[in-house]
Each structure stands twice: as C-alpha cells, then as structure tokens.
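Chain by chain, the residues run as shown.
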Amino acid sequence: MQIIAESGASKTDWRWIKEDGTIGQAKTIGINAYHISHENLISVFSTDLSIPEDEKITKVSYYGAGCGSTENKEKIKKALKEVFNSKEIEVQHDLLAAARATCLDKAGISCILGTGANACVYDGETITTEMVSLGYAMGDEGSGAYIGKQIVKAFLEKELPQKLHKNFEENYPELTATEVNQNVYQKPFPSRYLAGFFRFAIDNQQERYIHELVQKSFQLFLEKSVLKFEEHDKLPVHFVGGVAFYAQNIMRQVLQKNNLTVGLIIESPIAGLTLYHQNKSS
C-alpha cells in the first residue's frame, strides 16, 4: 500500500492506494514543518490519522509546507519513520506537489495561492526556477493571508465602504484591534488566522471595492513571481489553492490582462498527486 500526503498551513489531505487499486482518504490538521514539534507530528500521524492496518506500507510520499529545507525534510521524515513501517519515505516541498499535480509530466508554471503563496517553473520532472518566498510577514502577495490582512486593516482603519463596513461588523461583531494584534503577534498560526478573513472577500467579491482589492493582489502576485520567469509567455500557468480556486473568475481576468495562458485552477493537489503516483508505479 502506498500513502500520499499533502499538507498546507490549514489542512493535510491523505490518500492511500491499496494493492487492489482501491483508494482511501482522510483529512487532518495543517502542518508547517517550521511550526510543529516532533511530539505533535507523532500525534497527528499516529492518533489523528486512521490508516488501514491490513496491508504492508511500501511507500510514503509526503509533501508539506516548510519542507523546502533539508532540516525540515529530515524532521518530517523522522516522524514518518517512527509511525509507518516503510523502507521508502519521500518528503518534498508543497511546491513540488503543486507542480506534479497540475503538470504531471509536462512543462508548466505552477503556483500556490492558498493561505500562503509560491510559484515555480517545472520542466516535467523537476522544478527549474522558484520565486523568492518571504512568508506572510514580508511577502505572500495574493494569498489568503495577504488579502485577509488588507480587509481587516481597512476595517480597523475605517477605510471600507459603508456597506462593507456594516457587513463586516455583522460577520465579526467581537473583532477589535487588540484581538487582531494578539492573534497576529502573540498566538500561533497568524497566517492561518488572517487567511480566515478571505471568506469575507469571496462572499463579497461582487462588490467593486473587494473585486479591485483581490484583482490588485493577484496582479501583485504575478509581478512578484510569474512575470519574472523567462518562460512566462511560453508555458501554461496553473494554480493550486482555495484562494485561486474560489476567486478564479478574477484570476482569469488578471491572467488574460497579462497575456498569460490559463492552465488548471484547482482547490487541492491531492487528486492530481494520486494520479501522478499511480502513473509512476504502473
């Protein structure tokens, strides 16, 4: 049995492929290798996840946020080895998950726009170029955390149009600057907290202010990443993540404005990853 996992800041999707070809699935909390202890990893892998025990595990392929560094890859790999009795364990960056899921064995540009943001050029086998990813505090333009931050900031500074301001108050009646500061500067998972406000953008994307805010955010993302790639005018541009998926009408407009070829826009890479690994093992 082969196990495949794809983890972002908000959730982890799991698939397992049995010897007879049947596929199982599960969902656990999000994991960022930078922000989780070994003990918590063991808990997620062994307690929160119920993998069938009736088959031998032949391979574990894990893709996760924060797994770009060797140190974090080893951290995840160590925990996986303790829980799953498998000789073959692969730990990769979530950006490679996006590339494999959207491009399979073809060349393309693959982007992540969910809680965070990232992008790369993929040649059909490996990532050849990657954008500079600075995280929610210094970058992540176009992400859920970035857009959520813009909306909360505009609300607290009383810069939202009156109708939207009232709507926001009704949705978040207890929100104060103190609460926001505590969640952003003192509590864990600040990017996940800020990305939670992206739902307000989706629910109100027909409003001109929100539409333009999201449009500008996506344009900024392209300028910081895709448009810097030499191949941007030759390859399809794919997207993975809830932000791109739920605001894909706006994203398509921005891509068209920049004369870019629209590829796949999917919410999660797990289905594409499962197909990728099925093809590799067949």
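Our structure's up above, just so we're on the same page.
This text gives an overview of the structure that appears in the document. (Residues numbered from 1 in each chain as written. Predicted model: local features only at pLDDT ≥ 70, side-chain atom pairs only at ≥ 80, totals over all residues. Heavy atoms only, no water.)

As a further point, take the packing of aromatic side chains. Applying the stated criterion across every chain yields a total of twelve aromatic pairs. Residues Phe155 and Phe168 carry aromatic rings whose centres are separated by 4.4 Å and whose planes lie at 35 degrees to one another, so their mutual orientation is tilted. Linking Phe155 in helix H5 (residues 144-156) with Phe168 in helix H6 (residues 162-171), this pair joins segments that are 13 residues apart in sequence. In this pair, the class of Phe155 matches that of Phe168, namely buried. Chaining the aromatic ring pairs together yields one cluster made of Phe155, Phe168, Tyr172, Tyr193, Phe197 and Phe200. Sitting above the plane of the Phe189 ring, Arg192 keeps its charged end 4.2 Å from the centroid. (Phe/Tyr/Trp six-rings, centres within 6.5 Å; stacked < 30°, edge-to-face > 60°. Helix = DSSP H or I, 4+ residues; strand = E, 2+ residues; numbered from the N terminus. Buried < 20%, exposed > 50% of the residue type's maximum accessible area, 1.4 Å probe, protein only. Lys NZ or Arg CZ within 6 Å of the ring centre and 35° of its normal.)

With mixed pairing, five strands are arranged side by side in an open sheet as E8-E7-E6-E9-E10. The open sheet terminates on both sides in strands that have one partner only, identified here as strand E8 (127-130) and strand E10 (261-266). The sheet shows a mean angle of 25 degrees between the axes of neighbouring strands, taken without regard to direction. Note that strand E6 (residues 108-113) and strand E7 (residues 117-122) share six bridges and pair antiparallel. Bridging across to E7, Ile112 finds its partner in Asn118. Helix H10 (residues 208-224) rests against E6, E7 and strand E9 (236-240) of the sheet, and its axis sits at about 135 degrees to E6. Across the sheet, helix H12 (residues 248-257) lies against E6, E9 and E10, angled at about 160 degrees from E10, the strand it touches most. (Pairing = 2+ DSSP bridges. Axes fitted to C-alpha atoms, helices over the stretch in contact; angles between N-to-C directions. Contact = heavy atoms within 4.5 Å.)

What follows concerns the environment of Tyr246. Tracing the backbone through its elements, the reader meets Tyr246 in helix H11 (residues 242-246). Separated by 43 residues in sequence, Tyr246 and Asp203 place their C-alpha atoms 9.9 Å apart. The residues touching Tyr246, leaving out its near neighbours within four places in the chain, are Ile202, Gln205 and Glu267. A polar side-chain atom of Tyr246 sits 3.1 Å from a polar atom in the side chain of Glu267. (Polar contact = N/O pair within 3.5 Å; in protein donor to acceptor, adjacent residues only side chain to side chain.)

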